[in-house]
Amino acid sequence: MAGGRPSKFKPEFSEQARKLCLLGATDQEIADFFEVEVRTIYRWKAENNQFCQALKAGKAEADDRVERSLYQQAIGYEQDEVKIFMPANAEAPVYAPYRARIAPNVTAAIFWLKNRKKEDWRDKLDHEHSGPGGKDLPAPQFVIQPVVSKS
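These numbers were taken from a predicted model, which means no experiment stands behind them. (Residues numbered from 1 in each chain as written. Predicted model: local features only at pLDDT ≥ 70, side-chain atom pairs only at ≥ 80, totals over all residues. Heavy atoms only, no water.)

K.L.:
Whenever I open this one, the packing of helix 4 (residues 49-75) against helix 5 (residues 106-116) confuses me. Can you help?
P.N.:
Working note: a packed helix pair is described by the angle between its axes plus the distance between those axes. Packing of helix 4 against helix 5 leaves a shortest axis separation of 7 Å and a crossing angle of 125 degrees. The pairing of helix 4 with helix 5 is recorded here as oblique in orientation. When the axes of helix 4 and helix 5 are compared, the crossing they make is left-handed. Between helix 4 and helix 5, the residues in contact are Glu 67, Leu 70, Tyr 71, Gln 73 and Ala 74 and Ala 108, Ala 109, Phe 111, Trp 112 and Arg 116, respectively. (Axes fitted to C-alpha atoms, helices over the stretch in contact; angles between N-to-C directions. Helix = DSSP H or I, 4+ residues; strand = E, 2+ residues; numbered from the N terminus. Parallel < 35°, antiparallel > 145°, perpendicular 65-115°, else oblique. Left-handed = near helix turned anticlockwise from the far one by under 90°. Contact = heavy atoms within 4.5 Å.)

K.L.:
What exactly am I supposed to notice about the pattern of salt bridges here?
P.N.:
Should the charged atoms of two oppositely charged side chains come close, the side chains can pair. All told, the structure shown has 10 salt bridges when counted by the stated rule. A salt bridge links Glu 47 to Arg 43; the nearest nitrogen and oxygen atoms lie 3.7 Å apart. Here Glu 47 pairs with Arg 43, and both are found in helix 3 (residues 38-47), just 4 residues apart, close to one helical turn. Relative accessible area serves as the criterion here: at 57%, Glu 47 is assigned to the exposed category. Between Asp 120 and Lys 117 there is a salt bridge; the shortest N-O distance is 3.7 Å. The partly exposed category is assigned to Asp 120, whose relative accessible area is 25%. (Salt bridge = Lys/Arg side-chain N within 4 Å of Asp/Glu carboxyl O. Buried < 20%, exposed > 50% of the residue type's maximum accessible area, 1.4 Å probe, protein only.)

K.L.:
Help me understand helix 4, please; the structure alone is not making it clear to me.
P.N.:
In an α-helix, one full turn covers 3.6 residues, which means residues spaced three or four apart are oriented alike. Its 27 residues place the ends of helix 4 39 Å apart at the C-alpha level, agreeing with the 39 Å of an ideal helix rising 1.5 Å per residue. Among all positions of helix 4, only Phe 51, Cys 52, Ala 54, Leu 55, Gly 58, Ala 62 and Ala 74 are buried. Those residues of helix 4 that are buried are in contact with helix 1 (13-22), helix 2 (27-34), helix 3 and helix 5. (Expected span 1.5 Å × (residues − 1).)

K.L.:
Is there a simple way to explain a nonpolar patch on the surface in this structure?
P.N.:
A surface patch of nonpolar side chains, amounting to about 340 Å² of accessible area, comprises Val 82, Ile 84 and Tyr 95. Following the sequence through the fold, Ile 84 ends up in strand 1 (residues 77-85). (Patch = residues over 30% accessible without salt bridge, like charges linked within 9 Å, V, L, I, M, F, W, Y side chains within 5 Å. Areas by Shrake-Rupley, 256 points an atom, 1.4 Å probe, with all protein chains shown as cover.)

K.L.:
What is the right way to look at unusual backbone geometry in this model?
P.N.:
Leaving glycine aside, a negative phi is the common case for residues, and trans is the common case for peptide bonds. In this model, Glu 35 sits at a positive phi of 60 degrees, which is unusual for a non-glycine residue. Within the secondary structure, Glu 35 is located in the loop between helix 2 and helix 3. Relative accessible area serves as the criterion here: at 67%, Glu 35 is assigned to the exposed category. The residue Asn 89 is not glycine, and still its phi comes out positive at about 65 degrees. Mapping Asn 89 onto the fold places it in the loop between strand 1 and strand 2 (94-102). You can call Asn 89 exposed: its relative accessible area is 82%.

K.L.:
How do you make sense of the environment of Leu 23 when you look at a structure like this?
P.N.:
With respect to the helices, strands and loops of the structure, Leu 23 is situated in the loop between helix 1 and helix 2. Classification of Leu 23 as exposed rests on a relative accessible area of 74%. For the pair Leu 23 and Glu 61, spaced 38 residues apart in sequence, the C-alpha separation works out to 9.7 Å.

K.L.:
What's the story with the packing of aromatic side chains in this structure? I'm lost.
P.N.:
Think of a pair of aromatic rings as described by two things: how far the centres are apart, and how the planes are tilted against each other in angle. Inspection of every chain in the model, using the stated rule, returns 9 aromatic pairs. Taken together, a centroid distance of 5.4 Å and an interplanar angle of 55 degrees make the contact between Tyr 71 and Trp 112 tilted. In this pair, Tyr 71 is assigned in helix 4 and Trp 112 in helix 5, connecting sequence segments 41 residues apart. According to the relative accessible area criterion, Tyr 71 is partly exposed, its value standing at 35%. Under the relative-accessibility criterion, Trp 112 is labelled buried at 16%. Just above the ring of Tyr 98 sits the side chain of Lys 83; from NZ or CZ to the centre is 5.4 Å. (Phe/Tyr/Trp six-rings, centres within 6.5 Å; stacked < 30°, edge-to-face > 60°. Lys NZ or Arg CZ within 6 Å of the ring centre and 35° of its normal.)

This is the structure:
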């Protein structure tokens, strides 16, 4: 006879947790949803492979969506939008659909390259030493520059 309190875990929690992860939920937020301590979520993951795999699948899919979004921000994209006008003396607004061009985001591009092409886009730390005994050293400066490999 096993001791302790019976688990609150139910098989349907796996799919619910996967869906929460798709929405970006953390383990703490999942614990809050199920009204348990986060330690309980960790225990459920260890004791129930289906629950563990559901969390991994949901988090991986959410991460993939963020990665695609970061990439789109880095290169720019187009999207459908609508401008709404209310002309003078008009009885109803005028809706004007159009295709908006979103410019590339430099910060997203740098972040993408520094993570995907580390050797070419890492931050280079330059040190200049001068003076006797290392006195009068300037503060180190970060320089972002592509590293050119010699082929």
